[in-house]
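Below are the chains, spelled out letter by letter.
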Amino acid sequence: MRPIIIEPTENPKVMKFVADYNLIPGSLELDRDSDIAEIPLAKELFKYPFVERVFITANFIAVAKQDGIDWENLVEPLKTVIIDELEANPRIYLQKKNDEYLIYAEMTPNPMVMKFVSNKSLMDGFIEVKSREEADEVPLAKAIFDEYDFAKEVFISDNFVAITKNVSVEWHEVMVTVRAFVADYLQNGGVISNATPQKHESPAAAIMNRDYNENEQKISDILNEYVAPAVEGDGGKISLMEYDAETKTAKMLLQGACSGCPSSTATLKGGIENILKQFVPELVEKVEAVNG
């Protein structure tokens, strides 16, 4: 809390309240007819019926009162108001609040992974940090690793952060504190990543440093349309890593919550394999998982 010093002036109607820093560039002279919608301090001062004018410049606020009113019992209440209002809005004008990040936790099919979903977009694309040693270019991931010993991996995509834990804790023990930590980090302007996110379009192509051929593209298009939205909703990512035309085997790259998930194999065999057999039976007979 910054100190305020009360200083009388040569005009008995006017009292100065002096701060220890410059309040505003230029000056403001306000009366009860002034537009004070963006000046909370003036709104509070004019609630006192004896206040006629408020003058703000440099490092002080001067308050002019009506005639016939004694300052003796007024200065301390006004000082309190000024201190409180400067605490909330140090530069006089209404301080615009940053849009708040609202974070909620969401379970995934992988019991080791929890999604922390934001009401705002975090990045266009995705980044997967598989270890603490890989986190230097991803400050959000590094902050999570530094704060929590149980954090093993961090996957950031679109509007969520998926964290993989080790076996030392259960999510119900730490979920609330992690959610608050992520929200505070984002709300305070923490950098999410200095690395370039991978794009959602054909991430396996980037990994393999090649373009899909015609058959691979058909398989990838089906994955993107019928499979990827549900997988991403669970905090993971799936993409075609490799296709063997001779054995009609499609190898899927699993990332995020899908990587190492106990149910991922069953999902591949019972769901994705059936979808691909249905849409491109001439291309796919079997799918295999590759954990990212």
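Owing to the predicted nature of the structure, the values given are computational and were not obtained by experimental measurement.

Details of helix H4 (residues 171-187)
Argument step 1. Between its terminal C-alpha atoms H4 stretches 23 Å, which fits the 24 Å expected from 17 residues at 1.5 Å a residue.
Argument step 2. When H4 is considered as a whole, its buried residues turn out to be Trp171, Val174, Val178, Phe181, Val182, Ala183, Tyr185 and Leu186.
Argument step 3. Buried residues along H4 sit against strand E6 (103-107), strand E7 (113-118), helix H3 (139-147) and strand E10 (160-165).
Argument step 4. Two residues or fewer after H4 comes glycine 189, characterised by a positive phi angle close to 80 degrees.

Examining the packing of aromatic side chains
Argument step 1. Under the criterion given, the structure shown has seven aromatic pairs.
Argument step 2. Plain terms: the ring middles of tyrosine 48 and phenylalanine 50 are 5.5 Å apart, the flat faces sit at 55 degrees to each other, and that makes the pair tilted.
Argument step 3. When the centroid spacing of 5.7 Å and the interplanar angle of 35 degrees are considered together, the rings of phenylalanine 126 and phenylalanine 155 count as tilted. One end of the pair, phenylalanine 126, is in strand E8 (residues 126-129); the other, phenylalanine 155, is in strand E9 (residues 151-157), with 29 residues separating them in the sequence.
Argument step 4. Note on phenylalanine 126: relative accessible area 0%, which makes it buried.
Argument step 5. Of the aromatic side chains, those joined through ring pairs into one cluster are Phe116, Tyr148, Phe150, Trp171 and Phe181.
Argument step 6. Here the basic side chain of lysine 120 rests over the ring of tyrosine 101, its NZ or CZ set 4.3 Å away from the ring centre.

A look at the side chain of lysine 165
Argument step 1. Summarising the element assignment, lysine 165 is placed in strand E10.
Argument step 2. Buried charge lysine 165 goes without a salt bridge, the closest partner of opposite sign being glutamate 170 at 4.3 Å.
Argument step 3. For lysine 165, the side chain forms a polar contact with the main-chain oxygen of valine 169, separated by 2.8 Å.
Argument step 4. If sequence neighbours within four positions are ignored, lysine 165 has contacts with Pro111, Met112, Phe150, Lys152, Glu170 and Trp171.

A word on the sheet that holds strand E2 (residues 14-18)
Argument step 1. Read from one edge of the open sheet, five strands run E1-E2-E5-E4-E3, paired in antiparallel fashion. Pairing within the sheet leaves two strands with one partner each, and these edge strands are strand E1 (5-8) and strand E3 (24-31). Within this sheet the neighbouring strands show an average axis-to-axis angle of 20 degrees, counted without direction.
Argument step 2. Examined bridge by bridge, E1 and E2 share four bridges and lie antiparallel to one another. Its bridge partner being in E2, proline 8 is matched across the sheet by methionine 15.

Considerations on the pairing of E2
Argument step 1. The element E2 is extensively covered by neighbouring structure, given that four of its five residues are classed as buried.
Argument step 2. In this antiparallel pair of consecutive strands, E1 and E2, the connection spans five residues.
Argument step 3. Where E2 meets strand E5 (residues 60-65), five bridges bridge the pair, whose relative direction is antiparallel. Bridge pairing links methionine 15 to valine 63 in E5.

Section: the pairing of E10
Side-chain positions along a regular strand alternate between the two faces of the sheet.
Argument step 1. Most of E10 is tucked away: six of the six residues are buried.
Argument step 2. Neither face of E10 is exposed, since Phe160, Ala162 and Thr164 on one face and Val161, Ile163 and Lys165 on the opposite face are all buried.
Argument step 3. Note: E7 against E10, five bridges, orientation antiparallel. The residue bridging valine 113 from the neighbouring strand is threonine 164, located in E10.
Argument step 4. In this sheet, E10 lies alongside E9 in antiparallel orientation, the contact comprising six bridges. If you follow valine 154 over to E10, its bridge partner there is isoleucine 163.
Argument step 5. Two successive antiparallel strands, E9 and E10, enclose a turn made up of two residues, where aspartate 158 displays a positive phi of approximately 50 degrees.

Some thoughts on the confidence of the model for the protein chain
Argument step 1. Predicted confidence across the protein chain gives a mean pLDDT of 83, with 85% of residues reaching 70 or more.
Argument step 2. Per-element mean pLDDT across the protein chain ranges from 46 in helix H5 (residues 203-208) up to 95 in H3.
Argument step 3. In the model, residues 202-209 has pLDDT below 50 throughout and makes 16 contacts with residues more than four positions away in sequence or in other chains.

Topic: the pattern of salt bridges
Argument step 1. Inspection of the entire model under this criterion finds nine salt bridges.
Argument step 2. Lysine 248 is paired through a salt bridge with glutamate 285; the nearest N and O atoms lie 4.0 Å apart. Of this pair, lysine 248 sits in the loop between strand E11 (236-244) and strand E12 (249-256) while glutamate 285 is found in the loop between helix H7 (264-279) and strand E13 (286-291), placing the two residues 37 residues apart along the sequence.
Argument step 3. A relative accessible area of 48% places glutamate 285 in the partly exposed class.
Argument step 4. Each of Lys13, Glu52 and Asp67 takes part in one network of salt bridges that share partners.

Rules of the game
- Residues numbered from 1 in each chain as written.
- Predicted model: local features only at pLDDT ≥ 70, side-chain atom pairs only at ≥ 80, totals over all residues.
- Heavy atoms only, no water.
- Helix = DSSP H or I, 4+ residues; strand = E, 2+ residues; numbered from the N terminus.
- Expected span 1.5 Å × (residues − 1).
- Buried < 20%, exposed > 50% of the residue type's maximum accessible area, 1.4 Å probe, protein only.
- Contact = heavy atoms within 4.5 Å.
- Phe/Tyr/Trp six-rings, centres within 6.5 Å; stacked < 30°, edge-to-face > 60°.
- Lys NZ or Arg CZ within 6 Å of the ring centre and 35° of its normal.
- Lys, Arg positive; Asp, Glu negative; His and termini not counted.
- Salt bridge = Lys/Arg side-chain N within 4 Å of Asp/Glu carboxyl O.
- Polar contact = N/O pair within 3.5 Å; in protein donor to acceptor, adjacent residues only side chain to side chain.
- Pairing = 2+ DSSP bridges.
- Axes fitted to C-alpha atoms, helices over the stretch in contact; angles between N-to-C directions.
- pLDDT = per-residue confidence, 0-100.

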